[in-house]
Amino acid sequence: MKEGLRQSMAWVHTWSGLLVCWLLLLVFMGGTASYYKHEITFWMKPELHKAADAPSRVTPAESATLAVRELQQQAPKANAWFLDLPHERNPLIYASWTNPPKKGMSREERRAAFRTQNFTLDPMTGLRTTAPRDTRGGEFLYRLHFDLYYMSAIWGRWIVGIAAMCMLVAIISGVITHKRIFKDFFTFRPKKGQRSWLDAHNATAVLALPFHLMITYTGLVTLMFMYMPSPTKVLYGEKQNVMFSEVFPNAERVKPARQAAPLADIAPMLQQAERAWGQAPSRVVITNPNDANARVEMHRPAGQQLSNIEPTMIFDGASGALLSQATPPSTALAARAAIYGLHVAHFADTLLRALFFVCGLAGTAMVATGALLWGVKERQKYAKVIAKGGKVGFGVRLVDALNIGAIAGLPIAFAVYFWANRLLPVELAARSNAEANAFFIAWGAAAVLAQIRPTRAMWRFQLTLGAVLLAGIPLLNTLTTNTHLGVTLFGGPGLRPVAAFDIVVLLLGALLGWAAWWLGRKAKKQAAKQPAEVAQATKLEAA
Amino acid sequence: MTTLTWRYRGGVAARAVAAIGGGYVLTAIASALIAIALPLSRADAVTIATLLSFVVYTCVILWVFATASALRAWIGVLAASALLGGILWLTGRLS
């Protein structure tokens, strides 16, 4: 650190990156998958596939009417109804409701109750679909990437926030270290050991640099008032709630009048919103239904703006009259919403979403190659020791093992999560928890095995296992459901997400398989080249 | 393998504490000042100041590791915190 700026920045880059890289791999993989969390959830509920097969022929107003009719029978006394109407990324009608909280009900109990208060309608027939299996689907991966698991969400968010801050520091210091950032992007020297890893790290980092910088900063912004509370403290004192209500102006919650009044027909309200926006609302929230103070809130579907806060229109539920349109936010609040919106990318259409997904994969590769590079570099310091038959230091062994457990082990965990979704009995109690446990049991086993034997053979074993499990998912889907690739590829547009899921996991499996094959060929080549090197290689492996 | 001297290790540890802990305190004070200084509505000021805080924190951390010695890093972080903290105290918004 006594040397120049570039050297000290290289030091900061190395250590701030290495310290958190394994957690970042989890965050990156989970976050990348979250771009398709609706599609993943849909894939994980095969009971819904049949209903989505036929293209919906009902209008948004008709589907809302269907849902309201069903809700009137199921939950006329609820304090709020939530409708998700068929839309580009959602072929079905989803409805859920909350009941007035009973006295003495804990938060957990209320949440558990809410999970059972929902139904799905087939927009073709207006009838309820088969109840889907109990799974958290893509929501689990989404929550995992900032709440972690097996701990309170607050702890998880602080840990992920610290990792994100380290990442931000690593990115900026990495850029300063680079004198030839553009040249390096076009430089790739394959099969040159450390240099190739360096080039691969540079390429994946520089290629998607704007994305990495954006996703890290915007990630911190999503929870910024928690991470940095001092501006709130000086302007609002202890009244954090006041700040939240000013920064996130929501429609005011109206208390029920406790006076029965029939709910007005929802179709005209929906059509009014549709005329104003040029597209039908995708989400409708009805508070205090069948009360004189009923409110109907229409939300515009995402896709027209960066901001994650979509405009709403609020109607009086009893009379059907338009009450207000939310006022446009100030520039600063709009900027924050746009920054937040960039992170969650609700605005992205199919192609842009795919690009975000690929950038997320590049981020994963950047973290992975960076972690590997540290091991390769550090090992060179032991070259002489190894030649004499010695062992590498504790640090190198630990990092090697953690690398295997995270880079090769995490894909296994993701694959096992999807396998568990298909193989666990549908009637199993607390099934969604069992799926999550399967994820962590698989990851834990991979990480422990890697610590016991951090060798090249272990790399190959885990990469191959991940490849087989991921690439096997389409086959698993064929054996356990009626909506396999042979059906989904030729079915209606509603089944496209299922087909795309199968194809993407197949491709990712092939990618892992290629990595395993490449490692094996490398080992063979070394064996053929020089017996002396073999001895060294085996020692390397044994080390 | 070159072994690192304890002096070097101590320097790194001192800088790490100055960057992570000292940097956070300095950033918290600086963002609070920015929030007060911005001639905007409360909601806008708190949003902009909090948005900027992560940029400030990053710069402080990098400076702590870039400057010539751990001692300088500590003096810099403490002096800046004391100065900005003093101004913040004078504004009378600390409760």
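Residues numbered from 1 in each chain as written. Chains lettered and ligands numbered in written order. Predicted model: local features only at pLDDT ≥ 70, side-chain atom pairs only at ≥ 80, totals over all residues.

A. How the structure looks around the overall build of chain B. Helix and strand counts for chain B stand at three helices and zero strands. Computed over the C-alpha atoms, the radius of gyration of chain B is 16 Å, more than 25% above the 12 Å expected from 2.2 N^0.38 for a compact globule of 95 residues. Here the C-alpha coordinates of chain B stretch approximately 60 × 25 × 20 Å along the principal axes. Counting over 95 residues, chain B shows a buried share of 41%. (Helix = DSSP H or I, 4+ residues; strand = E, 2+ residues; numbered from the N terminus. Rg over C-alpha atoms; globule rule 2.2 N^0.38 Å. Buried ≥ 20, exposed ≤ 12 C-beta atoms within 10 Å, placed from the backbone.)

B. Seen up close, the overall build of chain A. If you tally the helices and strands in chain A, you get 24 helices and seven strands. Over its C-alpha trace chain A gives a radius of gyration of 26 Å, about what one expects of a compact globule, namely 24 Å for 543 residues. The dimensions of chain A, computed from C-alpha atoms along their principal axes, are 90 × 60 × 45 Å. Residues counted as buried form 41% of the 543 residues belonging to chain A.

C. A look at the pairing of strand S2 (residues 93–98) of chain A. Residues and elements named next belong to chain A. What you see with S2 is a clean split: Ile93, Ala95 and Trp97 sit on the buried side and Tyr94, Ser96 and Thr98 on the side with no burial. Strand direction decides the pairing type here: strand S1 (residues 80–84) and S2, joined by five bridges, are antiparallel. Along S2, the bridge assignment pairs Leu83 with Ala95. Both S2 and strand S3 (residues 118–121) contribute to a ladder of four bridges, which runs antiparallel. Counterpart to Ser96 in the pairing with S3 is Asn118. (Pairing = 2+ DSSP bridges.)

D. Representation of the pairing of strand S5 (residues 295–299) of chain A within the structure. Residue and element names in this part refer to chain A. S5 sits mainly inside the fold: four of its five residues count as buried. Sheet topology note: the strand S4 (residues 283–287)/S5 ladder contains five bridges and is antiparallel. In the sheet register, Thr287 faces S5, and the bridge partner there is Arg295. Where S5 meets strand S6 (residues 312–316), five bridges bridge the pair, whose relative direction is antiparallel. Its bridge partner being in S6, Glu297 is matched across the sheet by Ile314.

E. Molecular detail of the domain arrangement of chain A. All names here are of chain A. Domain annotation of chain A identifies domain 1 (1–45 + 133–249 + 329–348), domain 2 (58–131 + 252–326) and domain 3 (381–543). At the level of elements, helix H1 (5–34) and helix H2 (37–43) are the ones that each hand at least two residues to the side of domain 1 that touches domain 3. Among the residues making up the side of domain 1 that touches domain 3, the classes are represented as ten nonpolar, one polar and four charged. (Domains from an automatic or database assignment. Nonpolar A, V, L, I, M, F, W, Y, C, P; charged D, E, K, R; others polar.)

F. Inspection of the nonpolar core at higher detail. Among the nonpolar cores identified, the biggest contains 165 residues, and A:Leu25, A:Leu168 and A:Ala413 are the most heavily contacted of them. The element that contributes the greatest number of residues to this core is helix H18 (residues 394–423) of chain A, accounting for 17 residues. Setting aside residues up to four positions removed in sequence, A:Leu168 forms contacts with A:Thr216, A:Tyr217, A:Leu220, B:Phe54 and B:Thr58. (Core = buried A, V, L, I, M, F, W, Y, C linked by C-beta atoms within 7 Å. Contact = placed C-beta atoms within 7 Å.)

G. Quick peek at the confidence of the model for chain B. Taken over all residues, the pLDDT of chain B has a mean of 92, while the share at 70 or more is 96%. Taken together, the chains of this predicted complex give a pTM of 0.90 and an interface ipTM of 0.94. (pLDDT = per-residue confidence, 0-100.)

H. Examining helix H6 (residues 138–147) of chain A more closely. Residue and element names in this part refer to chain A. Of all the ten residues making up H6, seven are buried; the element is thus mostly covered by neighbouring parts of the structure. Restricting attention to buried positions, one finds in H6 the residues Gly138, Phe140, Leu141, Tyr142, Leu144, His145 and Phe146. On the buried face of H6, the contacting elements are H1, H2, helix H7 (153–177) and helix H19 (431–452). Among the residues trailing H6, Leu148 stands out with phi positive, at a value near 55°.

I. Region of the structure containing the interface of chain B and chain A. Of the residues lining the interface, 28 residues belong to chain B; the matching set on chain A comes to 32 residues. Contributions of two or more residues to the side of chain B that touches chain A are made by helix H1 (6–37) and helix H2 (42–66) of chain B. Tallying contributions element by element places H2(B) first for the side of chain B that touches chain A, with 18 residues. Here the side of chain B that touches chain A is composed, by residue class, of 18 nonpolar, seven polar and three charged.

J. Seen up close, the packing of H1(B) against H2(B). All names here are of chain B. As a packed pair, H1 and H2 sit with axes 8 Å apart at the nearest point and diverge in direction by 150°. The angle between H1 and H2 places the two elements in the roughly antiparallel class. The element H1 and its partner H2 pack so that their crossing is right-handed. On H2, the residues touching Arg15, Ala18, Ala19, Gly23, Tyr24, Leu26, Thr27, Ala30, Ser31, Ile34 and Ala35 of H1 are Ala45, Val46, Ala49, Thr50, Leu52, Ser53, Val56, Tyr57, Val60, Ile61, Val64 and Phe65. Its residues assigned to classes, the contact of H1 with H2 comprises 17 nonpolar, five polar and one charged. (Axes fitted to C-alpha atoms, helices over the stretch in contact; angles between N-to-C directions. Parallel < 35°, antiparallel > 145°, perpendicular 65-115°, else oblique. Left-handed = near helix turned anticlockwise from the far one by under 90°.)

K. Quick peek at helix H15 (residues 331–344) of chain A. Taking 1.5 Å per residue as the helical rise, H15(A) with its 14 residues ought to reach 20 Å, and the 20 Å between its terminal C-alpha atoms agrees with that figure. Within H15(A), burial applies to A:Ala332, A:Leu333, A:Arg336, A:Ala337, A:Ile339, A:Gly341 and A:Leu342. On its buried face, H15(A) sits against helix H10 (209–222) and helix H13 (240–247) of chain A together with H2 of chain B. A positive backbone phi angle near 55° is found at A:Ala345, which sits one or two residues after H15(A). (Expected span 1.5 Å × (residues − 1).)

L. Molecular detail of the confidence of the model for chain A. Confidence along chain A averages 88 in pLDDT terms, with 93% of residues attaining 70 or more. Long-range and interchain partners of residues 537–543 of chain A, a stretch whose pLDDT sits below 50, account for twelve contacts in this model, where long-range means more than four residues apart.

M. Structural detail: unusual backbone geometry. Residue and element names in this part refer to chain A. Even without being glycine, Tyr150 reaches a positive phi, approximately 60°. In this fold, Tyr150 is placed in the loop between H6 and H7. One non-glycine residue, Ala345, lies in the positive phi region at around 55°. As for its position among the elements, Ala345 is in the loop between H15 and helix H16 (350–380). The exposure class assigned to Ala345 is buried, which follows from the 20 C-beta atoms found within 10 Å.

N. Representation of the packing of H1(A) against H7(A) in the model. All names here are of chain A. At their nearest, the axes of H1 and H7 sit 7 Å apart, and the two run at 145° to each other. Crossing geometry of H1 relative to H7 is assigned as left-handed. Where H1 abuts H7, its residues Arg6, Met9, Ala10, Val12, His13, Ser16, Gly17, Leu19, Val20, Leu23, Leu24 and Val27 lie against Val160, Ala163, Cys166, Met167, Val169, Ala170, Ser173, Gly174, Ile176 and Thr177. Split into classes, the residues belonging to the contact of H1 with H7 amount to 15 nonpolar, six polar and one charged.

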